[in-house]
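What follows is each chain in one-letter form.
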Amino acid sequence: MSIRVDALTKIYGQQKAVDGISFEAGVGVLGFLGPNGAGKSTTMKMLTCFIPQTSGTASVCGFDISKDPLSVKRNIGYLPESNPLYTDMYVKESMAFVAGIHGLHNADRRIAEVIDQTGLGPEQHKKIGQLSKGYRQRVGLAQAILHDPQVLILDEPTSGLDPNQLIGIRQLITDLGKTKTIILSTHIMQEVEAVCGRVIIINKGTIVANDTLADLRSNNKGDSLEHIFIGLTN
C-alpha cells in the first residue's frame, strides 16, 4: 500500500480535529469525504508534512511522515483547495520553476508531456493571472504531477469548474488513478461516483465509513452516495 495511516491524531487546543484514524490506500482513486470541519484537510496536511501530527503514525511509499518528510514530499503531488499560484508567471515558466525545485532531469521534455496531458497547450504562453479558473486548476494539477509522484492528494480539484472543464479534469484523474494512488477530497458526490473505486467518510474527526463504492451502496439498501453521506454525517 502506498499510504498507511495508524491512529493518526491532531489536537488544536482542546479540540480533536482528527481523532485516531487508521486506513490504507493503494493504486486507484480514493474518495475522502466529510462535511466542513470534519478533519479532511487536516488529515491531508499531515500526510503531506505541512503540519505535524499530535500522535499516531503515517507513511507514504514506505517513508514515515515524521522521520523522513523530505522523502514523503518527493513521492507526493499535492493540489490544495486554495491552489496557490504565481499569477505573474507564464504557464510554461511556472512549470520550469517547479521542475527546478524538484531537480528534474530532461525537464523540458517532462514539461511538454505534462502540458499536453493537462490540456494546457493553447495557454502555455499566457500569464497565469490571465487564465480562467478552469485553466488555473489545470496548472495546479500539472505542477502537482510534474515530478511524476506515486501519490497524489487533491483537495477540491474541480471546485468552480464548468461542465466541460469538469469532464476533462475527471478523465485526467481517472487516467492517473490507473497507475498512481490518489486521495480525492470533494463535496461533489457525482464526482466520487464517476472516478472513485473506494470511499472513506470522516465525521467529527473519526472515520464512519471505509469501503468500496459498490459495497457501501450494497450495505445501505442501494441508496445513493448522497443519502449514505447524509445519514452518516447528519
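Structure: above.
Quick summary incoming for the structure in this document. All of these numbers come straight from a predicted model, not from anything done at the bench.

Reading guide: rules and limits
Residues numbered from 1 in each chain as written. Predicted model: local features only at pLDDT ≥ 70, side-chain atom pairs only at ≥ 80, totals over all residues. Heavy atoms only, no water. Phe/Tyr/Trp six-rings, centres within 6.5 Å; stacked < 30°, edge-to-face > 60°. Buried < 20%, exposed > 50% of the residue type's maximum accessible area, 1.4 Å probe, protein only. Helix = DSSP H or I, 4+ residues; strand = E, 2+ residues; numbered from the N terminus. Pairing = 2+ DSSP bridges. Axes fitted to C-alpha atoms, helices over the stretch in contact; angles between N-to-C directions. Contact = heavy atoms within 4.5 Å. Parallel < 35°, antiparallel > 145°, perpendicular 65-115°, else oblique. Left-handed = near helix turned anticlockwise from the far one by under 90°. Nonpolar A, V, L, I, M, F, W, Y, C, P; charged D, E, K, R; others polar. Core = buried A, V, L, I, M, F, W, Y, C linked by side-chain atoms within 4.5 Å.

1. Examining the packing of aromatic side chains
Counted under the stated rule, the structure contains three aromatic pairs. Note on F23 and F32: the rings are 6.0 Å apart at their centroids and 35° apart in plane angle, and the pair reads as tilted. Taking the relative accessible area as the measure of exposure, F32 reaches 1% and is therefore buried. Ring centres of F50 and Y78 lie 5.2 Å apart, and the angle between their planes is 75°; on these two criteria the pair is classed as edge-to-face. You can see F50 sitting in the loop between α1 (40-47) and β4 (55-60) and its partner Y78 sitting in strand β6 (residues 76-79), a full 28 residues away along the chain.

2. Topic: the sheet that holds strand β10 (residues 206-212)
If you trace the six strands from one edge of the open sheet to the other, you get β6-β7-β8-β3-β9-β10, paired in mixed fashion. The open sheet terminates on both sides in strands that have one partner only, identified here as β6 and β10. In this sheet, adjacent strand axes meet at a mean angle of 15° when their direction is disregarded. Examined bridge by bridge, strand β3 (residues 28-33) and strand β9 (residues 198-203) share four bridges and lie parallel to one another. By the bridge assignment for β9, F32 is matched with I200. Running at roughly 165° to β6, helix α5 (residues 133-145) makes contact with β6 and β7 (151-155) of the sheet. Contacts from helix α9 (residues 225-233) reach β3, β9 and β10 within the one sheet, and its direction differs from that of β9 by about 30°.

3. Structural notes on the sheet that holds strand β2 (residues 15-25)
Here four strands make up an open sheet; going across it, the order is β2-β1-β4-β5 and the pairing antiparallel. At either end of the open sheet lies a strand with only one pairing partner, and these are β2 and β5 (63-64). Pairing of strand β1 (residues 3-12) with β2, which is carried by seven bridges, proceeds in the antiparallel orientation. Paired with K10 across the bridge in β2 is V18.

4. Thoughts on the packing of helix α3 (residues 91-102) against helix α4 (residues 107-117)
Interaxial distance between α3 and α4 falls to 10 Å at its minimum, and their mutual angle equals 125°. Judged by the angle between their axes, α3 and α4 are oblique. In the packing of α3 onto α4, the handedness of the crossing is right-handed. Listed contacts from α4 to K92, M95, A96 and A99 of α3 are A107, I111 and I115. Classifying every residue of the contact of α3 with α4 gives six nonpolar, no polar and one charged.

5. A closer look at the nonpolar core
Counting 42 residues, the largest nonpolar core has L33, V139 and L154 as the members making the most contacts within it. Discounting chain neighbours no more than four positions away, the residues touching L33 are K40, T186, M189, V192, V199, I200, I201, I202, L225 and F229. Formed by 25 residues, the second largest nonpolar core is a distinct cluster that contains M44, V72, I76 and I153.

6. Brief notes about the environment of M44
Turning to its location among the elements, M44 is positioned in helix α1. With 34 residues separating them in the primary sequence, M44 and Y78 have C-alpha atoms 8.9 Å apart. Setting aside residues up to four positions removed in sequence, M44 forms contacts with F32, I153, L154, D155 and S185.

Coordinates in, geometry out; function isn't part of it.
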